[in-house]
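# Structural description and commentary
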Amino acid sequence: MFTSFHEPGKDGLHFLYSYDGYNWDSLPGSFLTPVVGKDKIMRDPSIAKGPDGTFHLVWTTSWKGDKGFGYTYSSDLQHWKPQQFIPVMEHEPTTVNVWAPELYYDEEEKQFIIMWASCIPGRFEKGIEDENNNHRMYYTVTKDFKTFSPARLFVDPGFSVIDAVIVRTDIQEYTLVLKDNTRNERDLKVAFAKHPLGPYSTASAAFTGKLTEGPTVLKSGKEWLIYYDDYGNKRYGAVSTTDFHNFKDINGQIKVPAGHKHGTVFKVRRKILNQIK
């Protein structure tokens, strides 16, 4: 399944589903209306399944002004526990935003890693970006979504970065797919590490065109498919790769409904999907 939101993000959580990872169909309607945060929107919804089968959901609650993100959980993707606002950047009073929180379950450490992009004006070399648009990635870890480690810097690639996702490709082999958000780039790149929390290598050259963001990755046979929000062309795009060094455009092989925005792919049992349908 594939989480989604529709602009402007007021009506909440949408889903797509696929049996092959290439051809996606919509599930009609919204499955959760956002009620937390300053703007009470739901953008960039990210779902990860825990080892007990619980689906955990995080999302962006406001464009600017919030120092945290939304969180809830469900066993069936239809009935959700009361939404919570998780404050993670209150220790940095000048934080502009908390964007696109992304969940990753670290099987080695038996914990969830939550990453997001925040801008703290004056903190980093800003290059060509405005001080209020110079993002770096931060993270917290949790085992139970009740207690969270203090937020720390996750990655500073030397440029404004948002929308990072961790992919485990082998034992002690991790790839980070990220968006270079500087205005001369606005594209997707990769970096590599031996541990999900890094340190990560220098970011690669871009493997997508300009005005692309919100990557999510799934495994299909021997290939990895990287879906991304090709917002410049108002569509979803995708590439395939076996090594995260060579990428093949597969836009002609995929089908993604129009209006689908920045989500993440996750696996579900067919029984759960059938209940939703």
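As a reminder, the structure under discussion sits directly above these lines.
The text that follows walks through the structure, step by step, so that each part is easy to find.

Criteria and thresholds
- Residues numbered from 1 in each chain as written.
- Predicted model: local features only at pLDDT ≥ 70, side-chain atom pairs only at ≥ 80, totals over all residues.
- Heavy atoms only, no water.
- Salt bridge = Lys/Arg side-chain N within 4 Å of Asp/Glu carboxyl O.
- Helix = DSSP H or I, 4+ residues; strand = E, 2+ residues; numbered from the N terminus.
- Buried < 20%, exposed > 50% of the residue type's maximum accessible area, 1.4 Å probe, protein only.
- Pairing = 2+ DSSP bridges.
- Axes fitted to C-alpha atoms, helices over the stretch in contact; angles between N-to-C directions.
- 1 Å grid on protein atoms, 1.4 Å probe; cavity = no way out; pocket = protein on both sides within 12 Å on 5 of 7 lines; lining within 4 Å.
- Points joined across faces, edges and corners; volume = space filled by probe spheres on them.
- Nonpolar A, V, L, I, M, F, W, Y, C, P; charged D, E, K, R; others polar.
- Phe/Tyr/Trp six-rings, centres within 6.5 Å; stacked < 30°, edge-to-face > 60°.
- Lys NZ or Arg CZ within 6 Å of the ring centre and 35° of its normal.
- Core = buried A, V, L, I, M, F, W, Y, C linked by side-chain atoms within 4.5 Å.
- Contact = heavy atoms within 4.5 Å.

### Regarding the pattern of salt bridges
- All chains considered together, the criterion is met by 15 salt bridges.
- Note that Arg-123 is salt-bridged to Glu-92, the shortest N-O span being 2.9 Å. Placement of Arg-123 in the loop between β9 (111–119) and β10 (135–142) and of Glu-92 in the loop between β7 (84–87) and β8 (99–106) is noted, with a sequence separation of 31 residues between them.
- Judged by relative accessible area, which is 42%, Arg-123 ranks as partly exposed.
- Two residues, Arg-136 and Asp-156, come together in a salt bridge whose shortest N-O distance is 2.5 Å. In this pair, Arg-136 sits in strand β10 while Asp-156 sits in the loop between β11 (152–155) and β12 (161–170), placing the two residues 20 residues apart along the sequence.
- Overall, the relative accessible area of 38% leaves Asp-156 in the partly exposed class.
- Beyond isolated ion pairs, a larger network of salt bridges with shared partners links Glu-107, Glu-108 and Arg-168.

### Topic: the sheet that holds strand β5 (residues 55–60)
- Pairing in this open sheet of four strands is antiparallel, and the strands run β4-β5-β6-β7 from one edge to the other. Here the strands that pair on one side only, and so sit at the sheet edges, are β4 (43–49) and β7. Direction aside, neighbouring strands of the sheet carry axes that sit 30° apart on average.
- Sheet topology note: the β4/β5 ladder contains five bridges and is antiparallel. Within β5, the position partnered with Ala-48 by the bridge is His-56.

### Looking at the sheet that holds strand β18 (residues 248–249)
- The antiparallel open sheet is built from four strands, whose spatial order is β15-β16-β17-β18. Sheet topology places β15 (213–220) and β18 at the edges, where each strand pairs with a single neighbour.
- For strand β17 (residues 235–241) and β18, the ladder comprises two bridges, and the chain directions are antiparallel. Pairing of Val-239 across the sheet is with Asp-249, part of β18.

### Remarks on the layout of surface pockets
- Taken as a whole, the largest pocket encloses approximately 1,200 Å³ of empty space.
- Put simply, the parts of the chain that give the lining of the largest pocket at least two residues each are β4, β8, β12, β15 and α1 (270–276).
- Split into classes, the residues belonging to the lining of the largest pocket amount to 19 nonpolar, six polar and eight charged.
- As a volume, the second largest pocket reaches approximately 360 Å³.
- Lining the second largest pocket are 20 residues; nearest its centre among them are Arg-43, Trp-63, Trp-99, Ile-162 and Glu-213.
- For the lining of the second largest pocket, the elements supplying multiple residues, two or more each, are β4, β8 and β12.

### Quick look at the packing of aromatic side chains
- Summed over all chains, the structure comprises 19 aromatic pairs.
- Aromatic pair Phe-15 and Phe-31: ring centres 5.0 Å apart, planes at 50°, arrangement tilted. Here Phe-15 is found in strand β2 (residues 14–17), whereas its partner Phe-31 is found in the loop between β3 (25–27) and β4, with 16 residues between them in sequence. Here Phe-15 and Phe-31 have matching classes, each one buried.
- With a centroid separation of 4.9 Å and an interplanar angle of 55°, the aromatic rings of Phe-112 and Phe-145 are classed as tilted. Taken together, the residues Phe-112 in strand β9 and Phe-145 in the loop between β10 and β11 connect sequence positions 33 residues apart. In this structure, Phe-112 and Phe-145 share a single accessibility class: buried.
- Lying across the ring of Phe-159, Lys-189 places its NZ or CZ 4.9 Å from the centre.

### Examining the nonpolar core
- Ile-113, Met-115, Met-137, Phe-154, Ile-166, Leu-176 and Tyr-200 are the most contacted members of the largest nonpolar core, which has 21 residues in total.
- For this core, the elements supplying multiple residues, two or more each, are β8, β9, β10, β11, β12, β13 (173–180) and β14 (187–193).
- Sorting elements by how many residues they give to this core places β12 first, with four residues.
- Residues within four places of Met-137 in sequence aside, it is in contact with Met-115, Trp-116, Ala-117, Arg-152, Leu-153, Phe-154, Val-155, Val-161, Ile-162, Asp-163 and Ala-164.
- Membership of the second largest hydrophobic core comes to 19 residues, among which are Phe-31, Val-36, Leu-57 and Trp-59.

### Some words on the environment of Leu-16
- Inspection of the secondary structure assignment puts Leu-16 in strand β2.
- With a relative accessible area of 3%, Leu-16 lands in the buried category.
- Separated by 201 residues in sequence, Leu-16 and Val-217 place their C-alpha atoms 15 Å apart.

Any functional reading would require information beyond the geometric quantities listed.
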